[in-house]
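# Coordinates in review
Residues per chain, in single letters:
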Amino acid sequence: MSGPSSESPRPVFTRTRPGGDRSNPTTEYSALLRTVRDAGLLRRRRGFYYLMFGLVTLALAGVVSGVLLLGDSWYQLLMAGALGIVFTQYAFLAHEASHRQVFESGKANDVAARALANLVVGISYSWWMTKHSRHHANPNVVGKDPDIARDTISFVEADAAKTRGIGALFTRHQGYLFFPILVFEGLNLHVQGFRTVFGRGKVERRRTEASMLVLRSSLYLAVLFAVLPPGVAGAFVGVQLAVFGVYMGASFAPNHKGMPILPHDAKVDFLRRQVLTSRNIRGNWSMDTLMGGLNHQVEHHLFPNMPRPNLGKARAIAKKYCADRGIVYTETSLTESYGIVIRYLNRVGLSAGGDPFDCPAATAFGR
């Protein structure tokens with residue numbers, strides 16, 4: 001790991017080494033961007049994405065064939081788990097298209113992302129884009145990043161302190177409960193999609209998305225209940241959603257949870273805001289495939305339209321650039337990141353339902 005451990009949110013700071021110049025942060029980032037662009041790392045890699053789409057679609061065909069061949073059997077739950085993995089891989093591709101990583105044309109990326117998200121995965125592209133764009137603009141910034149907003153899980157002490165009763169008991173142990181409750185995240189993502197397209201808020205291409213979501217869900221359930229007995233079909237849906245939710249959550253959770261939290265009015269330049277709040281996961285091409293490129297979270301935030309195959313190459317450039325300027329660049333293994341997330345959430349949870357005069361941070365350090 002490069003830099004100090006991310007066991008708990010660290011204060012945002014940088015060290016300017018002799019010869020370093022922070023007089024113009026915009027120029028700092030521009031210089032890094034120019035280096036990456038000159039290395040050809042922002043060029044589209046359509047061949048890679050065609051290959052990935054083909055392989056994932058082949059896997060989908062294999063799952064469908066398996067379902068038809070197995071018939072009335074509880075072994076269908078294995079197919080359900082496999083389908084949850086396949087849908088997550090499609091979600092990764094939709095995420096990359098939404099960031100303009102696949103095609104040169106913005107319209108082509110939008111069409112691909114909307115079709116994959118709504119028609120294949122079953123989540124609203126508009127809901128995802130609105131939420132995810134806000135996250136990228138202000139990662140881990142209180143009041144601006146929706147990914148750390150108060151929900152079932154509290155990501156900052158102030159939110160945890162608001163919980164009472166059974167909710168407080170849950171929050172005080174939320175780190176241990178975080179991964180188990182991800183079994184419901186798949187269902188939550190689908191529900192949020194329907195609530196968005198059928199809600200009153202502004203939704204771009206609402207009718208298109210609503211039609212896609214209804215068509216996808218109707219066909220999916222109709223085919224399952226036509227081919228399988230009701231009990232097996234219901235269990236199939238449950239397992240598929242659980243695997244999808246856990247896989248999605250386990251892929252996104254290591255990226256920012258437990259990294260520095262920035263106050264709402266923080267004055268941090270783009271380069272440092274993206275690097276200091278992001279965590280990379282060490283690995284090779286297999287990790288890139290497993291996490292859909294999200295393991296290169298620092299580079300993804302610095303260059304959001306960079307194709308997945310180029311993120312690893314950009315890592316070496318960005319890591320050295322940050323080291324030369326004393327900017328903390330964080331990397332861990334996947335298992336280490338999960339441990340960090342669990343311990344961080346538990347420490348935040350100490351604020352729940354406690355004495356308002358207690359200091360959770362001091363308690364955590366035995367003071």
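Everything below is about the structure printed above this text.
### Comments concerning the pattern of salt bridges
A full pass over the atoms with the stated rule returns twelve salt bridges. With its nearest N and O atoms 3.7 Å apart, the salt bridge here joins Glu 28 to Arg 325. Highlighted residues: Glu 28 in helix H1 (residues 25-38) and Arg 325 in the loop between helix H15 (308-324) and strand S2 (330-332), separated in sequence by 297 residues. Under the relative-accessibility criterion, Glu 28 is labelled buried at 5%. The partly exposed category is assigned to Arg 325, whose relative accessible area is 25%. Among the salt bridges present, the one from Arg 282 reaches Glu 336, with a minimum N-O distance of 3.4 Å. Of this pair, Arg 282 sits in the loop between strand S1 (279-281) and helix H13 (285-290) while Glu 336 sits in helix H16 (residues 334-349); the two residues are 54 residues apart in sequence, bridging distant segments of the chain. You can call Arg 282 partly exposed: its relative accessible area is 34%. What emerges from the salt-bridge pattern is a single network uniting Glu 28, Asp 269, Arg 272 and Arg 325.

### Re the nonpolar core
Formed by 35 residues in total, the largest nonpolar core has its most connected members in Tyr 90, Leu 224, Phe 236 and Phe 244. Counting only elements with at least two residues in this core, the list comes to helix H2 (46-70), helix H3 (76-98), helix H4 (106-121), helix H5 (125-137), helix H10 (206-227) and helix H11 (230-252). In terms of residue count, H3 provides more of this core than any other element does, ten residues in total. Within the second largest apolar cluster, 21 residues are counted, among which are Tyr 29, Ala 314, Tyr 321 and Tyr 329.

### Quick notes on a nonpolar patch on the surface
Together, Val 64, Leu 68, Val 223 and Val 227 make up an exposed nonpolar region whose accessible area comes to about 330 Å². Taken together, the elements giving at least two residues each to the nonpolar patch come down to H2 and H10.

### Here we look at the packing of helix H9 (residues 185-197) against H11
Look at H9 against H11: their axes get within 6 Å of each other, and the N-to-C directions meet at 90°. In terms of their interaxial angle, H9 and H11 are classed as roughly perpendicular. Across the interface between the two elements, Glu 185, Gly 186, Leu 187, Leu 189 and His 190 of H9 pack against Leu 241, Phe 244, Gly 245 and Met 248 of H11. When grouped by side-chain class, the residues that make up the contact of H9 with H11 number five nonpolar, three polar and one charged.

### As for H15
Between its first and last C-alpha, H15 extends 25 Å over 17 residues, near the 24 Å set by a 1.5 Å rise per residue. Of all the bends in H15, the greatest measures close to 35° and is centred on Ala 314. For H15, every residue scored as buried is listed here: Arg 308, Asn 310, Leu 311, Ala 314, Ala 318, Tyr 321 and Cys 322. A positive backbone phi angle near 70° is found at Gly 326, which sits one or two residues after H15.

### Considerations on H5
Taking 1.5 Å per residue, 13 residues should reach 18 Å; H5 reaches 18 Å between its end C-alpha atoms and fits that length. Within H5 the residues assigned to the buried category are Tyr 125, Ser 126, Trp 127, Trp 128, His 132, His 135 and His 136. The backbone nitrogen of Ser 126 lies 3.4 Å from a side-chain oxygen of the residue at the head of H5, namely Ser 124.

So, how was this worked out
Residues numbered from 1 in each chain as written. Predicted model: local features only at pLDDT ≥ 70, side-chain atom pairs only at ≥ 80, totals over all residues. Heavy atoms only, no water. Salt bridge = Lys/Arg side-chain N within 4 Å of Asp/Glu carboxyl O. Helix = DSSP H or I, 4+ residues; strand = E, 2+ residues; numbered from the N terminus. Buried < 20%, exposed > 50% of the residue type's maximum accessible area, 1.4 Å probe, protein only. Core = buried A, V, L, I, M, F, W, Y, C linked by side-chain atoms within 4.5 Å. Patch = residues over 30% accessible without salt bridge, like charges linked within 9 Å, V, L, I, M, F, W, Y side chains within 5 Å. Areas by Shrake-Rupley, 256 points an atom, 1.4 Å probe, with all protein chains shown as cover. Axes fitted to C-alpha atoms, helices over the stretch in contact; angles between N-to-C directions. Parallel < 35°, antiparallel > 145°, perpendicular 65-115°, else oblique. Contact = heavy atoms within 4.5 Å. Nonpolar A, V, L, I, M, F, W, Y, C, P; charged D, E, K, R; others polar. Expected span 1.5 Å × (residues − 1). Bend = angle between axes of the 7 residues up to and from the residue. Polar contact = N/O pair within 3.5 Å; in protein donor to acceptor, adjacent residues only side chain to side chain.

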